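# Coordinates in review
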Amino acid sequence: MKSLGSKPWLLPQPVLIIGTYNENGVANAMNAAWGGQWDMHEIMISMGSHATTHNLALNGGEFTVAFATVGTMVASDFVGIVSAKNDPDKMAKTGWTVEKAPNVNAPVFKQFPITLECRIKEKIDESETGYYIVAEVVNVLCDEAYLNEDGKPDVEKMNLIAFEPVNHKYMALGKVVGDAFACGAALK
């Protein structure tokens, strides 16, 4: 095997769209790839110093997290490379429809099939360059078009994308290939 050195290549990484409101109640979004599940009802996201981090302070740490899809990929990438600090028309350029989340003071972008409503529980290593957040998932919203017969989200229908950090690519997630906590029983 070839040694590639120390790299933060956790594969794949989710493409998370963080939704907040600014001081004027205008929706903002940013793309964050460095995040994951922290605990049973919590997530973790590495945050730099962004308009979003400023907005989090204004809104009591409330925000939404949507998962980017093949259909939202271009606009999702755009909100990651363009700051609201530099482009006041940033959100209009995405074409996303915005509505207020029912349980937190943050926007929901209707083009995404699933959105988490979140509230910061803890900031870790806060400095002028950013911090890590641990956030409680207050509620999960799912477009009814993406529910299966049991009323649960059907992730396979969503065409979610993942960030591949090795070559800086987005990859479409594929089909279901097995049942977790069950397929390994064949080796018992």
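Now for a description of the structure that goes with this document. All residue numbers refer to positions counted from 1 along the written sequence of the respective chain. Local features in this predicted model are restricted to residues of pLDDT 70 or higher, and side-chain atom pairs are both shown and tallied only at a pLDDT of 80 or more, whereas totals for entire chains, interfaces and linings draw on every residue. Only hydrogens and water are removed before side-chain values are computed, so all heavy atoms of the structure are retained for them.

## Examining the overall build of the chain
A run of DSSP states H or I qualifies as a helix once it reaches four residues; a run of E qualifies as a strand once it reaches two. Both are numbered from the N-terminal end. The helix and strand inventory of the chain stands at three helices and 12 strands. Restricting the calculation to C-alpha atoms gives the radius of gyration, and the globule rule supplies 2.2 Å times the number of residues raised to the power 0.38. What you see for the chain is a C-alpha radius of gyration of 17 Å, in line with the 16 Å of a compact globule of 188 residues. Structurally, the chain occupies a C-alpha span of about 60 × 45 × 30 Å along its principal axes. Looking at the chain as a whole, 37% of its 188 residues qualify as buried. Look at the contacts in the chain between residues 6 or more apart in sequence, and 57% of them connect residues 24 or more apart. Per-residue and other accessible areas follow the Shrake-Rupley method at a 1.4 Å probe size, with only the shown protein chains counted as cover for residues. A total accessible area of about 11400 Å² is found for the chain, and carbon and sulfur atoms account for 54% of it. The distance from the centre of the 15 positive side-chain charges to the centre of the 22 negative ones in the chain is 5 Å. Buried means the residue's accessible area, taken with a 1.4 Å probe over protein chains only, is under 20% of the maximum for its type, while exposed means over 50%, and partly exposed covers the values in between. Any two residues whose heavy atoms approach within 4.5 Å at even a single point are treated as in contact. Working convention for charge: Lys and Arg count positive, Asp and Glu count negative, and His plus the chain ends are omitted. Here the site of a charge means atom NZ of a Lys, CZ of an Arg, CG of an Asp or CD of a Glu.

## Looking at the sheet that holds strand β1 (residues 13-14)
Two strands make a pair as long as DSSP finds a minimum of two bridges between them. With antiparallel pairing, the three strands of this open sheet are ordered in space as β1-β11-β12. The sheet is open, and its two borders are formed by β1 and β12 (169-172), each paired with just one other strand. Sheet topology note: the strand β11 (residues 161-164)/β12 ladder contains four bridges and is antiparallel. Directly across from I161, in β12, lies its bridge partner A172.

## What about the pattern of salt bridges?
Any Lys or Arg side-chain nitrogen found within 4 Å of a carboxyl oxygen on Asp or Glu counts as a salt bridge. The final tally for this structure, using the stated rule, is six salt bridges. Note that R119 and E62 form a salt bridge whose closest N and O atoms lie 2.9 Å from each other. Of this pair, R119 sits in strand β9 (residues 114-127) while E62 sits in strand β6 (residues 62-67); the two residues are 57 residues apart in sequence, bridging distant segments of the chain. Residue classification places E62 among the buried residues on the basis of a relative accessible area of 14%. Via salt bridges that share partners, E62, R119 and E136 belong to a single interconnected network.

## Overview of helix α2 (residues 73-81)
For α2, every residue scored as buried is listed here: A75, S76 and V79. Down the axis of α2, the buried set is contained in an arc of 105 degrees. They therefore lie on one face. With respect to the buried face of α2, the exposed residues turned more than 90 degrees away are V74 and I81. Those residues of α2 that are buried are in contact with β2 (16-21), β3 (27-32) and α3 (90-94). In this description, one arc is meant: the one made by directions from the helix axis to the C-beta atoms.

## Topic: the packing of aromatic side chains
Only centres within 6.5 Å qualify two rings of Phe, Tyr or Trp (six-membered ring in Trp) as a pair; their planes then separate them into stacked at under 30 degrees, edge-to-face at over 60, and tilted for everything else. Considering all chains together, one arrives at three aromatic pairs under this definition. An angle of 80 degrees between the planes, with centres 4.9 Å apart, marks the rings of W96 and F112 as edge-to-face. Residue W96 is found in the loop between α3 and β7 (98-100), and its partner F112 is found in the loop between β8 (107-109) and β9; the two are separated by 16 residues along the sequence. Using a relative accessible area of 9% as the deciding quantity, one classes W96 as buried. What links up through ring pairs into an aromatic cluster is the set W96, F109 and F112. Just above the ring of Y131 sits the side chain of K123; from NZ or CZ to the centre is 4.9 Å. Only Lys NZ and Arg CZ are tested; either one counts as a charge over a ring when it is within 6 Å of the ring centre and within 35 degrees of the ring normal.

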